[in-house]
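A look at the structure
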Amino acid sequence: MEVAFQNRERVPQHPLDDLQLTRLQQAIDGLNSDQLVWASGYLAALAAYQPKLKQAANESPALTLLYATQSGNARSVAEQLADRLQASGYAPRLVSAENYRPRDLSKEKLLIVVISTQGEGEPPESAYGLFSYLQGKKTSSLSDLRYAIFALGDSSYDQYCQAGKTLEQLLDAQGAKRLLDRVDADVDYQPEAENWQQQIHSAVKQHQPEEQARVIPLQRSAPVRHDRNNPYQAELLERRRITTDDALSEVHHLSLEIDPQLIQFQPGDALGLYFRNDPAMIDELLSITGLSCEAKVTLGDDEMSLSRALCERLELTQLHPSVVRAWSSLTDDHRLHALSENIEQLRKFVSDRQLIDLVSTFPADVDAQGLVKLLHHQQSRLYSIASSQHAIEDEIHLTVATLQYQSHDRNHLGGASGDLTRRIEETDRVGVYVVENPSFRLPTSPDTPMIMVGAGTGIAPYRAFLQQQESLGVHGRNWLVFGNRHFHRDFLYQTDWLNYRKSGLLERISLAFSRDNQERTYVQARLYEEGAELYHWLQEGAHLYVCGGVEMERGVYQSLLAIAQTHGGHDDASAAEYIESLRIQGRYQRDVY
Amino acid sequence: MDIKLNPNELIKANSRYLRGTLKQSMADQASGALSADDAQISKFHGFYEQDDRDLRLTRQQQFLEPYYSFMLRARLPGGVCTPQQWLTIDTVGRDLGNGTIRLTTRQTFQYHGILKANLKPLIKRINQVMIDSIGGCGDVNRNVLCNPNPEDSSLHQEVHLWAKRISEHLLPKTRAYHEIWLDGEAVAGGETEPLYGETYLPRKFKTAIAIPPHNDVDVYTNDLGFVAITEADQLLGFNVLAGGGMGTTHEDNTTFPRLADELGFIPPEHTLAVAEAVVAVQRDFGDRISRRHARLKYTIERMGVTAFKAEVEKRAGILFETAKPVSFTSQGDRYGWVEDNRGQWHLTLYIENGRIADTPEATLMSGLREIAGIHQGDFRITPNQNLIVARVPKAQKDRIEQLARQHGLLSDHRSPTRLASIACVALPTCPQGNG
Ligand SMILES: Cc1cc2nc3c(=O)[nH]c(=O)nc-3n(C[C@H](O)[C@H](O)[C@H](O)COP(=O)(O)OP(=O)(O)OC[C@H]3O[C@@H](n4cnc5c(N)ncnc54)[C@H](O)[C@@H]3O)c2cc1C
Ligand SMILES: Cc1cc2nc3c(=O)[nH]c(=O)nc-3n(C[C@H](O)[C@H](O)[C@H](O)COP(=O)(O)O)c2cc1C
């Protein structure tokens, strides 16, 4: 929607009806020109942030910015681009993929997509609808469309930026034309994004001359937003291990204090957070490289000591192929040189190594600034929020599994999980921000039945779901399906579920503890066993949620196919369609990591 | 004075002859516990719910319920079992319990640390070798004791048979146990419990048979006692005793220990009628308000022995004869080998606290398993929590002794104090020690 008034007399062609127009004129009556200018920017910003408010169905937008994100990276790139375009007078429509109607594609002129890759080369959850539309039979020609794709990914995955690639193929197949070639961006995507935004800017200029744009932009006056670039410093209130000492996995329950005015979240959302690297590992790195912890380094605009940069700002525990390549160029080691040439082997190499393994096996001369330059910025990590803000306003609960593994003669700890479960102490602060997850939400109608499937820490969001329903005092039939290793050792939040069952909030609890007996039963097998009941719930309109590891999710999907066949009389193809239809209706929601 | 019926009475009454909601409790995977009422009913099926108190607080902070497990006590009249039965007892303990077997002062064995999911398979497997756990811990007649009498094997066999008959005669008649654990068919209705009624006894009930001059079973401390009267190896009948019991409640001086009263002599053919009558009188006259005062000894104190005896005679349709004179000269096990009058040998093994396990010091459990593999007689659990390898032919004596020594079941260095010690199983998990 374009909202632009230069003066009251010369009102351009507009999409408002008479009543709306009268109201608007009343509202701006008496404003001076500065005020009018301000109001125009305000409305533009409103439009950009509230895609739902905009766009009557039959209206063709001049420029649409579509993003599909899981952890918010794609969204922030798209937002930056929107800001930039607005600053030059464009009024792009900024919209998240799940709010986008795929049918509208045929009406688009310019479409700019920022999309990340998830799973194993899959698009983010929010883009499933779009993808299945484009893969389906009902698509119409897109020959009027020009598009550009910015694909976010991580080159340590086999299917690097695959979702962007797939989308490009799908659009090409429908005859869409390229505004710009696709750009793939790795974990340190910011410089690439900067470049790309400039290119888009000039390309848009060519296709849509500025005269057409009539919005006079202003700085967004939205309240301070805590996002990945401006995390909120939350204090750790409490941490406790919630698996027994003899459990195979170490899982902790954390409670962080937040200011509810500044941090708001919904059940289903995740928390992004930054962490401190292990000081012992940093000492070892310094001693191997012979660098001083006091050495001054610059990181962007900031100057700080090397030890602080290593501790707080740089990625040390996820080793990236590009870091190995950069390190390789500092050494004469031909093994490392050969490795750097072979991406397959390189991916394998980094998969179970941290920086410390690289540096200790292949020593090299490097100065402090050189080291800082070759490393990536620390990536925030995501954790499902395990509490409801409606129930506990000023706390965020997390369920964190300690990642630890033995490889290359060394005990490794995950960066974030190591810090959260082994190092930080009560009253310490953690930089956090909320990562919205609109594709993992409680049903809008509270009496809709829910089937919540989770393995391991995948159970965390359901605690938020049920806390929310408990504190709202409304719920439907709820069924929890949980899997882990041992009933006595790692039945996460057992007493919560038992209490919810007692109070009637939970009707049914199904469990699979894989190491309690010989058969190694997992949730997917349990689901299949209880397939008749599950299918019945689905027929009653239940929403099905799945949260946890990729493997589990895949197993659950297979079980659902089998259940649809056994209990729903479907054949191979129609079973898949049935599940797809659940997904499209928002009744099959997944949060997989 | 508070005159409300003890809550257990209602639980029993509502249990539909000991079914309760045990099936649902067992099917619930989300908790390792039974429902509170089922935890009472389960005792009649032979097992207790326990939780490790040392872990309670920690687990609460871990959002975990207490660590529940179960102790199951078998019914094994007179403590006698065959080597084949022993092999099963051993395997089941390894597979489904915590890997140990505990011998009790009531001549039976217990498994500890059984998880809820393992209860049903465990009960099924012991039943396959004709051992059940009915009444192991409930308000009914408990395991019947019988002097193990290694010296006099033929007499032991005859008297032991009476221990079995009494035990079976006093079993509850409900099919609940078969339905729930052995997949027996559900009873359509019209079920009754002719002896016990739907509220069973007010409290546990203990029965023992002694064979003078041995009083290993401590016959005067049982609710119901039978003292075998013999003449030239022939059983003439029993002196019947009633109302013994040593338990008291700490700091409650309305509770007291009491030795049984002698009711008189009966010939063998009246044994079951008298046992049934004593149970019936306790059923009707026992205290159902205060469980502390619910044992038969308090009932007899209230009624007076004369009235009690008359009531028993009336119900059994007999008259007691004057009790025969008896004298007990020994109590306690005689360790090592003894030979009986038929030339068979019996080896009494000292088992500290009745605990049979494989430890770094001694492999008692494996040792007994090996002995059971070759033994042809029987095993007898003694009232002192020891074990007799009974009826060994002379030819096998050395082999068995060798195995016993090899696994630490037998050694020449034992201090007398250690031998005299009988400890109650006072683990943190056990609310009432040994029953
Ligand atoms: C939406 C979302 C929600 C999430 N929710 C939760 C949650 O609720 N709770 C939770 O605990 N986690 C959750 N996670 C996972 C979490 O974000 C982190 O990925 C996890 O904690 C590990 O991070 P880290 O920094 O500790 O490990 P990192 O330092 O990131 O180390 C990870 C690296 O270690 C290596 N590695 C991992 N496992 C092994 C192994 N077995 N052998 C050898 N090498 C290995 C791999 O190279 C891997 O890339 C979620 C993730 C997402 C995306
Ligand atoms: C569970 C998971 C799976 C991923 N799989 C891939 C992949 O297959 N290929 C790839 O290029 N990147 C993959 N990535 C990396 C993301 O695409 C990358 O982190 C991106 O910056 C995330 O952007 P977003 O926050 O907009 O979702 C994966 C990330 C996660 C968390």
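Residues numbered from 1 in each chain as written. Chains lettered and ligands numbered in written order. Predicted model: local features only at pLDDT ≥ 70, side-chain atom pairs only at ≥ 80, totals over all residues. Heavy atoms only, no water.

Moving on: the overall build of chain B. Looking only at helices and strands, chain B features 14 helices and 15 strands. Here the C-alpha radius of gyration of chain B, 22 Å, is about what a compact globule of 435 residues would show, namely 22 Å. Reported as C-alpha extents along the three principal axes, the dimensions of chain B are approximately 65 × 60 × 45 Å. Looking at chain B as a whole, 57% of its 435 residues are labelled buried. Sequence separation of at least 24 residues holds for 70% of the intrachain contacts in chain B that already meet a minimum separation of 6. Summed over its atoms, the accessible surface of chain B is roughly 17,900 Å², and 51% of this surface lies on carbon and sulfur atoms. Counting 50 positive and 52 negative side-chain charges, chain B places the centres of these two groups 2 Å from one another. (Helix = DSSP H or I, 4+ residues; strand = E, 2+ residues; numbered from the N terminus. Rg over C-alpha atoms; globule rule 2.2 N^0.38 Å. Buried < 20%, exposed > 50% of the residue type's maximum accessible area, 1.4 Å probe, protein only. Contact = heavy atoms within 4.5 Å. Areas by Shrake-Rupley, 256 points an atom, 1.4 Å probe, with all protein chains shown as cover. Lys, Arg positive; Asp, Glu negative; His and termini not counted. Charge placed at Lys NZ, Arg CZ, Asp CG, Glu CD.)

Per the counting criterion, the structure on display carries 29 aromatic pairs over all chains. Considering the side-chain rings of Phe226(B) and Phe238(B), the 5.5 Å spacing of their centres and the 70 degrees angle between planes classify their relative orientation as edge-to-face. On the criterion of sequence distance, the pair formed by Phe226(B) in strand E8 (residues 224-231) and Phe238(B) in strand E9 (residues 234-242) is long-range, its members being twelve residues apart. Take Phe226(B) and Phe238(B): they sit in the same class, and that class is buried. Cluster of aromatic residues (ring-pair linked, three or more members): Phe440(A), Tyr462(A), Phe465(A) and Tyr545(A). The side chain of Arg508(A) reaches across the aromatic face of Trp479(A), ending 4.4 Å from its centre. For the cation-ring pair, Arg165(B) lies above Trp162(B), with the distance from its terminal atom to the ring centre recorded as 4.3 Å. (Phe/Tyr/Trp six-rings, centres within 6.5 Å; stacked < 30°, edge-to-face > 60°. Lys NZ or Arg CZ within 6 Å of the ring centre and 35° of its normal.)

Bringing the site of ligand 1 into the picture now. Residues and elements named next belong to chain A. Lining the immediate surroundings of ligand 1 are 21 residues, of which Thr-317, Ser-351, Arg-381, Leu-382 and Ser-417 lie closest. Within the contact set of ligand 1, an oxygen atom lies 2.5 Å away from a side-chain nitrogen or oxygen of Ser-417. Contact between ligand 1 and Thr-457: a nitrogen atom at 3.5 Å from a side-chain N or O atom of the residue. Here ligand 1 loses 74% of its free accessible area of 990 Å² to cover by the protein chains. Secondary structure elements with two or more residues in the shell around ligand 1: helix H11 (343-351), strand E12 (381-384), strand E13 (395-401) and helix H14 (415-423). Its residues assigned to classes, the shell around ligand 1 shows nine nonpolar, nine polar and three charged. Residue contributions to the shell around ligand 1 reach at least three from each of two domains, namely domain 2 (232-275 + 380-435) and domain 3 (279-374). (Near = heavy atom within 4 Å. Polar contact = N/O pair within 3.5 Å; in protein donor to acceptor, adjacent residues only side chain to side chain. Nonpolar A, V, L, I, M, F, W, Y, C, P; charged D, E, K, R; others polar. Domains from an automatic or database assignment.)

All names here are of chain A. The local shell around ligand 2 holds 20 residues, among which Thr-69, Ser-71, Ala-74, Ser-116 and Thr-117 are the closest. Thr-69 is positioned such that a nitrogen or oxygen atom in its side chain is 2.5 Å from an oxygen atom of ligand 2. Expressed as a share of its isolated accessible area of 640 Å², the protein-covered part of ligand 2 is 89%.

At the interface, 15 residues of chain B touch 21 residues of chain A. Note on chain B versus chain A: buried area summed over both sides is about 1,500 Å², and carbon and sulfur give 53% of it. The largest contributions to the chain B side of the interface with chain A come from Gln29(B), Ala30(B) and Phe63(B), which together make up 47% of the buried area. Inspection of the region where chain B meets chain A yields one salt bridge. The partner of Asp28(B) in a salt bridge is Arg501(A), and the shortest N-O contact between them spans 2.7 Å. Put simply, chain B and chain A have nine residue pairs in polar contact (both at pLDDT 80 or more) between them. (Buried area = accessible area lost by both parts, 1.4 Å probe. Salt bridge = Lys/Arg side-chain N within 4 Å of Asp/Glu carboxyl O.)

On to the side chain of Glu401(B). Residues and elements named next belong to chain B. When you line up the elements, Glu-401 lands in helix H13 (residues 394-406). Among the polar contacts made by the side chain of Glu-401, one reaches the side chain of Trp-337 at a distance of 2.7 Å. With sequence-adjacent residues up to four places away left out, Glu-401 is seen in contact with Trp-337 and Leu-410.

Of all hydrophobic cores here, the largest spans 96 residues; its most connected members are Trp86(B), Phe109(B) and Tyr111(B). Of the residues forming this core, the biggest block, seven residues, is contributed by helix H9 (residues 271-285) of chain B. In this structure, Val297(A), Leu319(A), Leu336(A) and Ile356(A) belong to the second largest nonpolar core, which totals 35 residues. (Core = buried A, V, L, I, M, F, W, Y, C linked by side-chain atoms within 4.5 Å.)

Detail in the predicted coordinates should be disregarded across regions flagged by low pLDDT. Residue and element names in this part refer to chain A. When pLDDT is averaged along chain A, the result is 90; 91% of the residues meet or exceed 70. Within the model, pLDDT remains below 50 along residues 1-12, and this stretch shows 15 contacts once partners closer than five positions in the same chain are excluded. Confidence drops under a pLDDT of 50 for residues 211-222, and excluding neighbours within four residues, the segment shows 28 contacts in the predicted structure. (pLDDT = per-residue confidence, 0-100.)

In this section: the sheet that holds strand E13 (residues 355-356) of chain B. All names here are of chain B. Read from one edge of the open sheet, five strands run E1-E2-E5-E4-E13, paired in antiparallel fashion. At either end of the open sheet lies a strand with only one pairing partner, and these are strand E1 (47-51) and E13. Note: E1 against strand E2 (residues 68-73), five bridges, orientation antiparallel. Across the sheet, the residue bridging to Asp-51 is Tyr-68, located in E2. Contacts from helix H5 (residues 83-96) reach strand E4 (101-103), strand E5 (109-114) and E13, with the element oriented near 15 degrees to E5. (Pairing = 2+ DSSP bridges. Axes fitted to C-alpha atoms, helices over the stretch in contact; angles between N-to-C directions.)

The next subject is the pairing of E2(B). All names here are of chain B. Counting buried positions over the six residues of E2 gives six, a clear majority of the element. Here E2 shows no split at all, with Tyr-68, Phe-70 and Leu-72 on one side and Ser-69, Met-71 and Arg-73 on the other all buried. The sheet contact formed by E2 and E5 spans three bridges and is antiparallel. Each residue of the ladder has a partner; that of Arg-73, found in E5, is Gln-110.

For the structure on display, the rule yields 66 salt bridges over all chains. Between Glu168(A) and Arg178(A) there is a salt bridge, with the nearest N and O atoms lying 3.6 Å from each other. Separated by ten residues along the polypeptide, Glu168(A) in helix H5 (residues 162-173) and Arg178(A) in strand E5 (residues 177-178) bring together distant segments of the chain. With a shortest N-O distance of 2.7 Å, Asp284(B) and Arg315(B) are connected by a salt bridge. Highlighted residues: Asp284(B) in helix H9 and Arg315(B) in helix H11 (residues 305-316), separated in sequence by 31 residues. Judged by its relative accessible area of 41%, Asp284(B) falls in the partly exposed class. Judged by relative accessible area, which is 32%, Arg315(B) ranks as partly exposed. One salt-bridge network, held together by shared partners, links Glu168(A), Asp172(A), Arg178(A), Asp181(A), Arg182(A) and Asp184(A).

What follows is about the confidence of the model for chain B. When pLDDT is averaged along chain B, the result is 93; 94% of the residues meet or exceed 70. The low-confidence segment residues 421-435 of chain B, where pLDDT is below 50, has 39 contacts with residues more than four positions distant or belonging to other chains.

Let's shift gears to the packing of helix H4 (residues 128-135) of chain A against H5(A). Residue and element names in this part refer to chain A. Two numbers describe how H4 lies on H5: the axes approach to 10 Å, and their chain directions differ by 35 degrees. For the crossing formed where H4 meets H5, the hand is left-handed. Of H5, the residues touching H4 (which contributes Leu-130, Phe-131, Leu-134 and Gln-135) are Ala-163, Thr-166, Leu-167, Leu-170 and Leu-171. Classifying every residue of the contact of H4 with H5 by side-chain character gives seven nonpolar, two polar and no charged. (Left-handed = near helix turned anticlockwise from the far one by under 90°.)

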